[in-house]
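# Coordinate analysis (summary)
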Amino acid sequence: MPQIVLSSGTVDYQDTGGDGPVLVFCHGLPMNETQWRKVVPLLHGYRCVLPTLPLGGHRRPMAPDADLSHRGVALLLGEFIERLGLDDVTLVLNDWGGGQFLVSEGKAQRVARLVLVACEAFDNFPPGPARAAAAVCGVPGGVWLLTRLMRLPAFRNSRNGYGGMSLRGIPDEIMDDWFAPATRSKAIRRDFAKFATSAPRRGTLLAWSERLRAFDRPVLVVWATEDRLMPREHGPRLAELYPQGRLVVIADSSTLVPEDQPERLADVLTDFLTRTGAEPAPPTG
């Protein structure tokens, strides 16, 4: 897997290559690029770049003094995009919504479009059902305890936790991969805790949200009808907040739309891209 050394540490990423428009996909806590494994193969003619951000599922620990707050990881994402020389990027978020802070921080010059798929927004950092887990991460040894609890099917499959993020169910091998780095590495657990406990206060989050109105480029908001983490009203509210926002609601899906409805999501995403001038590259050969 390719990697790049950034200011906070080394970041792994996948890159499908090609001459098509660039899509950068971000993941949730403590996930990695496999969150998009069902969607990327359906996006023919696009260059898909998938960084494994330091949200707890990363395989290489960050520097001990790295800023792994939501804002810090957003700025690291911006650094990643800049260092790879990516322009006219379509930034795609699911679950973690902090990538929007590139806009609120005035660092979204290379972002041509946003796609917000059932993600954190406004003051929903972290989402309500996840706040208990975030509190556990703030206790010494809390992340270690969480990784052990995730081995128990009753805990892993709880509808108030990761089990509620997908109607189809996340395969055990995928979930195991997401939690493996924190299970085996104390430094990764340190990073996990830093991020999981970093949500700003409600007033700060809402003030940052108001700055998003300045993003005058196309935004696709994709919300799920059966989502237990992201409030239903946040979908239309986000689409209204952005000057060029558009809402699509996908049925029979929870938060992880790439898991529950990958074909539908790929169709919606491709339609949005072509409508906004990001035509796929023609096939070669």
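Quick caveat, the model's predicted, so the values are computed rather than measured.

### Details of the overall build of the protein chain
What the protein chain contains, in helices and strands, is 11 helices and 8 strands. In terms of overall dimensions, the protein chain is globule-like: its C-alpha atoms have a radius of gyration of 18 Å, near the 19 Å expected for 285 residues. Along the first, second and third principal axes, the C-alpha atoms of the protein chain reach 50 × 40 × 40 Å. Expressed as a percentage of the 285 residues in the protein chain, the buried residues total 54%.

### Focus on the pattern of salt bridges
Summed over all chains, the structure comprises 17 salt bridges. Its salt-bridge partner being Arg 190, residue Asp 191 comes within 3.0 Å of it at the nearest N-O pair. The class for Asp 191 is buried, based on a relative accessible area of 0%. Under the relative-accessibility criterion, Arg 190 is labelled partly exposed at 29%. With a shortest N-O distance of 2.7 Å, Asp 271 and Arg 275 are connected by a salt bridge. With Asp 271 and Arg 275 both in helix α11 (residues 262-275) and 4 residues apart, the pair spans about one turn of that helix.

### Observations concerning helix α7 (residues 186-196)
It helps to recall that an α-helix has 3.6 residues per turn; residues three or four apart then point in one direction. Those residues of α7 that fall on the buried side of the exposure criterion are Ile 188, Arg 189, Asp 191, Phe 192, Ala 193, Phe 195 and Ala 196. Elements that come into contact with the buried residues of α7 comprise α1 (70-83), α3 (131-137), α4 (142-149) and α6 (172-184). The N-cap residue of α7 is Ser 185: its side-chain oxygen and the backbone nitrogen of Ala 187 are 3.3 Å apart.

### Observations concerning unusual backbone geometry
Residues Leu 29 and Pro 30 are joined by a peptide bond in cis, for which omega reads -10°. Along the chain, Pro 30 falls in the loop between β3 (22-25) and β4 (47-51). Even without being a glycine, Asp 88 presents a positive backbone phi close to 50°. Residue placement: Asp 88 occurs in the loop between α1 and β5 (89-95). Non-glycine residue Asp 95 carries a positive phi angle of around 75°. Relative accessible area serves as the criterion here: at 7%, Asp 95 is assigned to the buried category.

### Observations regarding the nonpolar core
One finds Val 24, Leu 91, Leu 114, Leu 116 and Leu 238 to be the most contacted residues of the largest nonpolar core, which totals 62 residues. When sequence neighbours within four positions are dropped, the list of residues in contact with Leu 238 reads Gln 100, Leu 116, Ala 121, Phe 122, Val 221 and Trp 223. Within the second largest apolar cluster, 26 residues are counted, among which are Leu 50, Val 92, Ala 224 and Ala 278.

### Topic: the packing of α6 against α7
It is the contact of α6 with α7, at a shortest axis distance of 5 Å, that shows an interaxial angle of 115°. If you check the angle between α6 and α7, you find them roughly perpendicular. Across from Phe 179, Pro 181, Ala 182, Thr 183 and Arg 184 in α6, the residues of α7 making contact are Lys 186, Ile 188, Arg 189 and Phe 192.

### A closer look at the packing of α4 against α7
Think of two packed helices as two axes; the pair is described by the angle between the axes and how far apart they sit. It is the contact of α4 with α7, at a shortest axis distance of 9 Å, that shows an interaxial angle of 100°. Taken as axis vectors, α4 and α7 run roughly perpendicular relative to one another. Taking contact as the criterion, the partners of Val 143, Trp 144 and Leu 146 in α4 are, on α7, Arg 189, Phe 192 and Ala 193. Across the contact of α4 with α7, the residue classes tally to 5 nonpolar, no polar and 1 charged.

### Considering the environment of Ala 63
Within the fold, Ala 63 resides in the loop between β4 and α1. Its relative accessible area of 25% is what places Ala 63 among the partly exposed residues. In this view, Ala 63 contacts Ser 8, Arg 190 and Lys 194; residues no more than four positions away in its chain are not counted.

Quick notes on the rules
- Residues numbered from 1 in each chain as written.
- Predicted model: local features only at pLDDT ≥ 70, side-chain atom pairs only at ≥ 80, totals over all residues.
- Heavy atoms only, no water.
- Helix = DSSP H or I, 4+ residues; strand = E, 2+ residues; numbered from the N terminus.
- Rg over C-alpha atoms; globule rule 2.2 N^0.38 Å.
- Buried < 20%, exposed > 50% of the residue type's maximum accessible area, 1.4 Å probe, protein only.
- Salt bridge = Lys/Arg side-chain N within 4 Å of Asp/Glu carboxyl O.
- Contact = heavy atoms within 4.5 Å.
- Polar contact = N/O pair within 3.5 Å; in protein donor to acceptor, adjacent residues only side chain to side chain.
- Core = buried A, V, L, I, M, F, W, Y, C linked by side-chain atoms within 4.5 Å.
- Axes fitted to C-alpha atoms, helices over the stretch in contact; angles between N-to-C directions.
- Parallel < 35°, antiparallel > 145°, perpendicular 65-115°, else oblique.
- Nonpolar A, V, L, I, M, F, W, Y, C, P; charged D, E, K, R; others polar.

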